[in-house]
Amino acid sequence: DGTELPEIKDYVDSLRSDKQSDLYGIAEGKNVIFISAESLQTFVINNEVNGEEITPFLNSLVDDKDTYYFENFYHQTMQGKTSDSEFLTANSLYPLPRGAVFFTHGQNDYHALPEMLNEEGYYTASFHANNKSFWNRDQMYDSLGFDHFYGDESYEVTKDNSIGWGLKDKPFFEQSIKYLQALDQPFYTKFITLTNHFPFDLDEEDRSIEPYDSNSNTLNNYFPTVRYMDESIEQFFNQLKDAGLYEDSIIIIMGDHYGISANHNKAMSQYLEKEEITPYDHIQLQRVPFFIHIPGSGKGKVMSEVSGQIDIKPTILHLLGIDTENDIYFGNDLFSDDRKGYIAQRNGDFISDKYISTEGICYNRETGEPIEEDQTITETDTESPCTAIEEKVTNELGYSDDIIYGDLFRFVDFTGSD
Ligand code: GP9
Ligand code: MN
């Protein structure tokens, strides 16, 4: 019956400040084009394979004066993979510890980003050239407030223009433009890429760089498909310019989750020239790129703050100048000075400004040294400095689960007249 709600509301209110950031409203009334980049991890950014740049276009965005790039941004997904990243992005709630919330709680009441934008006069749509019922998207998208879902039946998919999971990214973006041009503005649109998906199959003709050479074909083939996706995104930027949609839009790019699992640690350590992949390294490999591109803003920079997918909803709303005072969510506006300072992983691990906690060990985030062995930290006499954050993380994950399992938003009046 929602008796837990006041306690949860108090908690989420304590996570944020009343003061809006300097960028509040900078993109008011603009279209939002959100690109979910399949399996894109941060370790490929500004990196090379066989002496070749892997992501030349994304690298150029890192240095672009209109782009904010978050170099310490973490995915927070579990078994629901892409769908978990969609859930985090839309709701700033955590996915579930088991299964995919898209399947298990697709009919809950949510107060999601598409629905909120809808109320502000935005048209909202998702584009993804896969079967609409995959991950139960057709049902969940209704619950999240999307006006329309352009699934595989909206695309011309042939043997020639598809590989692996379906339509290749370049024809996907190419064929999407006509739909985008026809939408009422302002719009919020999400594009989910597909080619850079395990097992990273790619036609010879689409391969601009050669695979890596290690005992893992997965890692080896990852690099050419990442490059293909990079090129498809560059092409999309140009198509948006040609279509006259670029100037009035902000473009956001996010890696959805890791592409290279811990099964490939040996090859990964070879590639990264490390003796081994430690639990600390493993957490650092959960970083995925996050870009906010605001044409004409001129103030872009590399942001080093610890951040994650939980932060996307409040960040977008604040950029658009939409107040979130009565909303219930667990992230922060990434441009606010007053943030939580930690990112929770679904299994209770976390990354804070100073520490990384995983497998019960507390590491210095900067050095990667376990705290007990780190002479520079002195406040460890009685308990690990990770303990206090651990408690908050457990608490917070529990509140989020309560909301989902209890379908608690049924009982909330988000208009603020409480
Ligand atoms: C499927 C695509 C990939 O439609 O989003 O899903 P994933 O396996 O990455 O969750
Ligand atoms: Mn995915």
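This one's a predicted model, so the numbers in the text were calculated from it and none came from an experiment.

1. Observations concerning the overall build of the protein chain
When helices and strands are counted, the protein chain shows 12 helices and 18 strands. Overall, the protein chain is about 60 × 55 × 40 Å in size when its C-alpha atoms are taken along their principal axes. Long-range pairs, those at least 24 residues apart, make up 75% of the contacts in the protein chain with a sequence separation of at least 6.

2. Details of the site of ligand 1
Close to ligand 1 lie E38, K81, T82, H128, N130, F134, W135, R137, W165, L194, H197 and H257. Within the side chain of W135, an N or O atom sits 3.0 Å from an oxygen atom of ligand 1. When the free accessible area of ligand 1 is taken as 310 Å², the share hidden by the protein chains comes to 95%. In terms of residue class, the shell around ligand 1 is built from 4 nonpolar, 5 polar and 3 charged.

3. Things to note about the coordination of the manganese ion (ligand 2)
Perfect tetrahedral coordination of a metal by four donors corresponds to 109.5 degrees between them, and perfect octahedral coordination by six donors corresponds to 90 or 180 degrees. Taken together, E38 (OE), E38 (OE), T82 (OG1), D256 (OD) and H257 (NE2) make up the full set of protein donors to the manganese ion (ligand 2), lying 2.1 to 2.4 Å away. One can describe the donor arrangement at the manganese ion (ligand 2) as irregular, given that its 6 donor atoms subtend angles of 56 to 168° at the metal. Binding-site remark: the manganese ion (ligand 2) is held by donors from one chain whose sequence spacing is E-x43-T-x173-D-H. Here T82, found in helix α3 (residues 81–91), pairs with D256, found in the loop between β11 (249–255) and α9 (265–272); they are 174 residues apart in sequence, far enough to count as distant. Comparing T82 with D256 shows no difference in burial state: the two are buried.

4. A word on the state of the cysteines
Under the criterion given, the structure shown has 1 disulfide. Two residues, C362 and C386, share a disulfide whose sulfurs are 2.0 Å apart. Measuring handedness by torsion sign, the sulfur bridge of C362 and C386 sits at about 75° and is right-handed. Residue C362 is found in strand β18 (residues 361–364), and its partner C386 is found in helix α12 (residues 386–405); the two are separated by 24 residues along the sequence.

5. Comments concerning the environment of Y11
Relative to the elements of secondary structure, Y11 occurs in helix α1 (residues 5–14). The residues touching Y11, leaving out its near neighbours within four places in the chain, are F330, Y342, K392, N395, E396 and Y399. Side-chain polar atoms of Y11 contact the side chain of E396, separated by 2.7 Å.

6. A look at the UniProt feature "active site" (unreviewed entry) in the protein chain
Under the UniProt annotation, "active site" (unreviewed entry) lies at T82. Classification of T82 by relative accessible area gives buried; the value is 6%. The contact partners of T82, leaving out residues within four places of it in the chain, are E38, W135, R137, I192, D256 and H257.

7. Concerning the pattern of salt bridges
Tallying each qualifying case throughout the model produces 17 salt bridges. Among the ionic pairs, D327 bridges to K313, the shortest N-O distance being 2.8 Å. One end of the pair, D327, is in the loop between α11 (312–319) and β15 (342–344); the other, K313, is in helix α11, and 14 residues separate them in sequence. Since its relative accessible area comes to 2%, D327 is described here as buried. Given the relative accessible area of 1%, K313 is considered buried.

8. A few points about the UniProt feature "binding site: substrate" (unreviewed entry) in the protein chain
In this structure's numbering, the residues bearing the UniProt feature "binding site: substrate" (unreviewed entry) are H197. Along the chain, the position of H197 falls in the loop between β10 (187–192) and α8 (217–242). Non-local contacts of H197, meaning those with residues more than four positions away in its chain, are made with E38, S39 and W165.

What counts as what
Here the residue numbering is sequential within each chain, running from 1 through the sequence in written order. The naming scheme follows written order: chains are lettered A onward, ligands numbered 1 onward. The model is predicted, so local features are restricted to residues of pLDDT at least 70 and side-chain atom pairs to those at 80 or more, both for listing and for counting; the totals for chains, interfaces and linings are taken over all residues. As a rule here, side-chain values cover all heavy atoms of the structure and leave hydrogens and water aside. Secondary structure elements follow DSSP: runs of H or I no shorter than four residues count as helices, runs of E no shorter than two count as strands, and numbering proceeds from the N terminus. Any two residues having at least one pair of non-hydrogen atoms within 4.5 Å are treated as being in contact. Residues are labelled near a given molecule or strand when at least one of their non-hydrogen atoms is within 4 Å of it. Pairs of N or O atoms are called polar contacts if they sit within 3.5 Å, as long as, within protein, a hydrogen donor faces a hydrogen acceptor (for residues adjacent in sequence, only side-chain-to-side-chain pairs). Methods summary: accessible areas were calculated by the Shrake-Rupley approach with a probe of 1.4 Å, and residue burial reflects only the protein chains presented. When residue character is reported, Ala, Val, Leu, Ile, Met, Phe, Trp, Tyr, Cys and Pro are called nonpolar, Asp, Glu, Lys and Arg charged, and the others, Gly included, polar. Metal sites are built from N, O and S donor atoms within 2.8 Å, or 3.2 Å for Na, K and Ca, and they leave out water, so they may look incomplete. All geometry calls rest on donor angles, where a four-donor set with angles between 85 and 135 degrees is tetrahedral, four- and six-donor sets with opposite donors more than 155 degrees apart and all others between 65 and 115 are square planar and octahedral, and all else is irregular. The classification of residues rests on relative accessible area computed with a 1.4 Å probe and restricted to protein chains. Under 20% of the type maximum is buried, over 50% is exposed, and intermediate values are partly exposed. Two cysteine sulfur atoms form a disulfide, by the criterion used here, when they sit within 2.5 Å. UniProt positions are given in the numbering used here, feature names are shortened, and annotations may be inferred rather than shown by experiment. What makes a salt bridge here is a side-chain nitrogen of Lys or Arg within 4 Å of a carboxyl oxygen of Asp or Glu, nothing more.

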